[in-house]
Amino acid sequence: MSNVKRRTVVIGGGITGVTTAYYLQKEAREKGISLACTLIESSNHLGGKIQTAERDGFVVEKGPDSFLERKRSASRLATEVGLGDKLVNNSTGQSFVQVKGNLHPMPGGSIMGIPTQIAPFVTTGLFSPFGKIRAAADFVLPKSKVVGDQSLGQFFRRRLGDEVVENLIEPLLSGIYAGDIDKLSLLSTFPQFYQVEQKHGSLIVGMKSMTPRKAKNAEKGKAKGMFLTVSTGLQSLVEAVEEKLDTGSVLKNTSVIKLEKVNDEYIVHLSNGEQIIADTVVLTTPHEITQNILADYSFFDQFKNMPSTSVATVALAFPQSAINKDIDGTGFVVSRNSDYTITACTWTHKKWPHTTPKGKILLRCYVGRAGDEAIVDQTDDEIIKVVLEDLNKTMNITSDPEFSIITRWKKSMPQYTVGHKERVENVKEVMEKELPGVFLAGSSFEGLGIPDCIDQGEEAVKKVLEYIQTHSKELVEVN
Ligand code: FAD
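Procedures and definitions
Residues numbered from 1 in each chain as written. Predicted model: local features only at pLDDT ≥ 70, side-chain atom pairs only at ≥ 80, totals over all residues. Heavy atoms only, no water. Core = buried A, V, L, I, M, F, W, Y, C linked by side-chain atoms within 4.5 Å. Buried < 20%, exposed > 50% of the residue type's maximum accessible area, 1.4 Å probe, protein only. Helix = DSSP H or I, 4+ residues; strand = E, 2+ residues; numbered from the N terminus. Contact = heavy atoms within 4.5 Å. Arc of directions from axis to C-beta. Polar contact = N/O pair within 3.5 Å; in protein donor to acceptor, adjacent residues only side chain to side chain. Pairing = 2+ DSSP bridges. Axes fitted to C-alpha atoms, helices over the stretch in contact; angles between N-to-C directions. Near = heavy atom within 4 Å. Areas by Shrake-Rupley, 256 points an atom, 1.4 Å probe, with all protein chains shown as cover. Nonpolar A, V, L, I, M, F, W, Y, C, P; charged D, E, K, R; others polar. Patch = residues over 30% accessible without salt bridge, like charges linked within 9 Å, V, L, I, M, F, W, Y side chains within 5 Å. Salt bridge = Lys/Arg side-chain N within 4 Å of Asp/Glu carboxyl O. Phe/Tyr/Trp six-rings, centres within 6.5 Å; stacked < 30°, edge-to-face > 60°. Lys NZ or Arg CZ within 6 Å of the ring centre and 35° of its normal.

S.K.: Give me the lowdown on the nonpolar core, citing residues and values where you can.
M.R.: By size, the foremost hydrophobic cluster in this structure holds 41 residues, and its most contacted members are Ile15, Leu77, Leu237 and Ile450. When residues in this core are grouped by element, the largest group, nine residues, is from helix α16 (residues 450-470). When near neighbours in sequence (up to four residues on either side) are disregarded, leucine 237 contacts Leu77, Ala78, Val81, Leu83 and Val230. The next biggest cluster of nonpolar side chains, apart from the first, holds 31 residues, and it includes Met106, Phe190, Ile204 and Ala344.

S.K.: So what's going on with helix α9 (residues 203-210)? Which residues, and what values?
M.R.: What α9 keeps buried is the set Leu203, Ile204, Gly206 and Met207. Here the buried residues of α9 occupy an arc of 165 degrees about the axis, which is enough to place them on one side. On the buried face of α9, the contacting elements are β9 (110-111), β10 (114-115), α3 (118-123), α4 (129-136), α5 (152-160) and α8 (191-200). Capping the start of α9 is the job of one residue whose side-chain oxygen sits 3.2 Å from the backbone nitrogen of isoleucine 204: serine 202.

S.K.: Break down the sheet that holds strand β6 (residues 87-89) for me, with residues and values.
M.R.: In spatial order, the strands read β5-β11-β6; together these three strands make up an open sheet with antiparallel pairing. Two strands in the sheet have a free side with no partner beyond their single neighbour: β5 (67-68) and β6. Examined bridge by bridge, β6 and strand β11 (residues 227-230) share three bridges and lie antiparallel to one another. The residue of β11 that forms the bridge with asparagine 89 is leucine 228. Against the sheet, helix α2 (residues 73-80) makes contact with β5, β6 and β11, and its axis sits at roughly 145 degrees relative to β6, the strand it touches most.

S.K.: Tell me about the site of the ligand, and name the residues and values.
M.R.: Of all residues adjacent to the ligand, which total 33 residues, the nearest are Glu41, Lys49, Ser66, Leu448 and Ile450. Between the ligand and leucine 448, the relevant distance is 2.5 Å, taken from an oxygen atom to a main-chain nitrogen or oxygen of the residue. Backbone polar atom of isoleucine 450 to an oxygen atom of the ligand: 2.8 Å apart, as the coordinates give it. Burial of the ligand by the protein amounts to 89% of the accessible area it has alone, namely 1000 Å². The set of elements that each furnish at least two residues to the shell around the ligand consists of α1 (15-31), β23 (403-414) and α16. With three residues, the single largest contributor to the shell around the ligand is β23. The residue inventory of the shell around the ligand, partitioned by class, reads 13 nonpolar, 17 polar and three charged.

S.K.: An account of the environment of glutamine 320 is requested, with residue identities and associated values reported.
M.R.: Structurally, glutamine 320 is set in the loop between β17 (308-319) and β18 (323-325). Overall, the relative accessible area of 46% leaves glutamine 320 in the partly exposed class. Residues glutamine 320 and methionine 207, 113 residues apart in the sequence, show an inter-C-alpha distance of 40 Å. Those residues in contact with glutamine 320, other than ones at most four positions away along the chain, are Gly359, Lys360 and Ile361.

S.K.: Can you explain a nonpolar patch on the surface? Please cite residues and give values.
M.R.: Nonpolar side chains collect at one region of the surface, where Ile118, Val122, Phe139, Val140 and Val205 lie side by side and expose about 470 Å² of accessible area between them. Along the chain, valine 122 falls in helix α3. Valine 122 gets classed as exposed once you look at its relative accessible area, which sits at 53%.

S.K.: With reference to specific residues and values, describe the packing of aromatic side chains.
M.R.: In this structure the tally under the stated criterion is 15 aromatic pairs. Feature note: the residues Phe155, Phe156, Tyr177, Phe190, Phe193 and Tyr416 constitute an aromatic cluster, connected by ring pairs. Sitting above the plane of the tyrosine 340 ring, lysine 393 keeps its charged end 4.5 Å from the centroid.

S.K.: Could you give an account of the environment of threonine 309, naming the residues involved and the relevant values?
M.R.: The topology assignment puts threonine 309 in strand β17. Exposure remark for threonine 309: the relative accessible area of 2% places this residue in the buried category. Between the C-alpha atoms of threonine 309 and serine 412, which are 103 residues apart in sequence, the distance is 6.0 Å. Threonine 309 has contacts with Ala178, Arg369, Ala370, Glu373, Trp409, Lys411, Ser412, Met413 and Gln415, leaving out every residue within four places of it along the chain. Here glutamine 415 takes part through its side chain, which lies 3.0 Å from a polar atom of the side chain of threonine 309.

S.K.: Break down the pairing of strand β16 (residues 280-283) for me, citing the residues and quoting the values.
M.R.: Along β16, one buried face is formed by Thr280 and Val282 and the opposite face, lined by Val281 and Leu283, is buried too. Judged from the four bridges that link them, strand β1 (residues 6-11) and β16 form a sheet pairing that is parallel. Within the sheet, the bridge partner assigned to threonine 8 lies in β16 and is threonine 280. Judged from the three bridges that link them, β16 and strand β24 (residues 438-440) form a sheet pairing that is parallel. Following the sheet pairing, valine 282 is matched in β24 by phenylalanine 439.

S.K.: Go over the sheet that holds strand β12 (residues 250-251) with me, naming the residues and quoting the values.
M.R.: As a general point, the strands of a sheet are linked pairwise by backbone hydrogen bonds and lie either parallel or antiparallel. The five strands are arranged β12-β2-β1-β16-β24 in an open sheet whose pairing can be described as parallel. At either end of the open sheet lies a strand with only one pairing partner, and these are β12 and β24. Together, β1, β2 (35-40), β16 and β24 form the strand contacts of α16, whose direction differs from that of β16 by roughly 165 degrees.

S.K.: Any details on the pattern of salt bridges? Residues and values, ideally.
M.R.: All chains considered together, the criterion is met by 27 salt bridges. The shortest N-O distance in the salt bridge between arginine 7 and glutamate 265 comes to 3.2 Å. Taken together, the residues span a long stretch of sequence, with arginine 7 in strand β1 and glutamate 265 in strand β14 (residues 265-270) at a distance of 258 residues.

Here you go:
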């Protein structure tokens with residue numbers, strides 16, 4: 001097998017593609033497999049949605065700002081590429097929910113809005129007495145008989161009632177998916193909640209029994225935060241991985257326009273008119289792009305109607321003196337029941353102190369969510385005006401920002417609508433037959449968090465290696 005050079009093309013240089021190329025080249029080196037892996041990226045840089053700006057001593061994340069620590073693949077990757085000593089946890093503190101013009105502290109002990117401590121829920125001003133009684137019905141309601149998938153809204157509204165969903169769960173989930181809770185799939189986003197219901201009946205009882213004791217202190221600001229980032233910015237993670245890639249194995253400023261199967265090989269057609277021949281291909285592009293690349297194959301049509309939401313991040317830097325009335329916390333999310341355009345705001349200087357020079361303040365807001373995306377197309381000045389108006393409903397900001405960075409992410413948040421898991425399984429099954437050796441990975445399919453994308457990249461590497469092993473006799477000998 002050593003004198004037969006295998007050729008793999010990885011399409012898309014976001015975190016999924018970079019990880020796929022990195023682990024594939026590493027495995028090949030370590031196992032003595034002769035393999036040429038080329039990573040093709042349409043833009044002039046790797047990282048996709050991971051982009052960091054450094055300005056006047058600030059570290060500003062334009063896209064994602066951190067990842068969940070408990071999903072280990074991202075911190076493992078960072079450590080492997082030499083950034084272990086740059087991993088930092090977020091500082092914990094009070095966070096809030098904005099509902100109908102009032103900022104309410106997030107009730108202690110809530111996990112994605114599900115109560116695990118009774119007292120904070122009984123005393124919170126977030127819900128009416130009726131809303132609280134309705135939520136308590138969770139203790140006695142039987143588990144759902146729904147077979148297969150259902151929307152997050154259907155699931156949570158049934159267990160905890162509309163108020164808890166609209167004033168707490170929806171704003172929290174919106175912060176992750178920028179989606180419509182009544183359309184998003186339970187099984188593709190939070191299957192664990194379905195399992196908890198099936199096991200315990202009550203979500204509250206089930207989540208409480210699974211919550212480690214130390215989490216109870218988290219709300220008091222004593223425990224370390226559950227997110228990690230790289231102190232030099234997440235882009236430095238991508239750059240560190242890129243440095244480890246084989247020389248000459250990355251093609252930037254080159255788009256893949258089509259994938260064609262010819263006998264046992266694949267022809268990867270590039271925007272510059274050139275072609276690359278491959279034995280195996282990993283597609284990590286967003287599904288709209290993948291759809292175009294696979295336009296000759298009707299099986300991918302089931303993703304034609306998969307929506308993606310547009311959002312924008314708005315980073316605003318101020319001197320401390322510009323904020324006359326501040327709030328003691330790390331940020332807030334906004335309920336759809338509020339007359340706000342921003343959907344969330346992080347006091348980045350408090351949550352991630354390393355990002356902000358002393359004496360300065362860094363706020364990072366989000367605008368845009370499913371059904372409410374027009375704001376993303378406004379001019380920078382218009383967006384800043386609206387964001388400042390919203391912030392000044394609870395704060396008192398007395399001057400314009402020293403600088404602002406607005407980053408528009410058009411159609412960037414893939415929406416896993418009801419039935420998504422089944423669609424992904426179907427497509428993968430058909431691909432195994434119609435395009436053996438071609439694999440899908442990335443945020444459009446099995447998780448959009450950074451660690452989920454890395455996991456998918458690692459899984460794709462396993463599949464490529466298995467495929468190469470199984471088909472070693474059939475593959476063409478080159479060199
Ligand atoms: P992408 O990053 O989209 O990469 C795809 C790549 O393919 C791009 O580089 C693109 O240029 C390239 N490409 C496109 N077309 C072609 C073509 N024809 N040929 C070749 N290349 C092509 N996740 C977290 O874990 N924590 C967070 O805090 C967080 N916050 C987020 C905030 C925002 C604003 C956004 C948008 C996302 C956030 N996410 C977060 C989600 C996470 O950042 C993304 O899901 C993840 O980075 C996507 O990685 P990817 O490799 O799958 O896709």
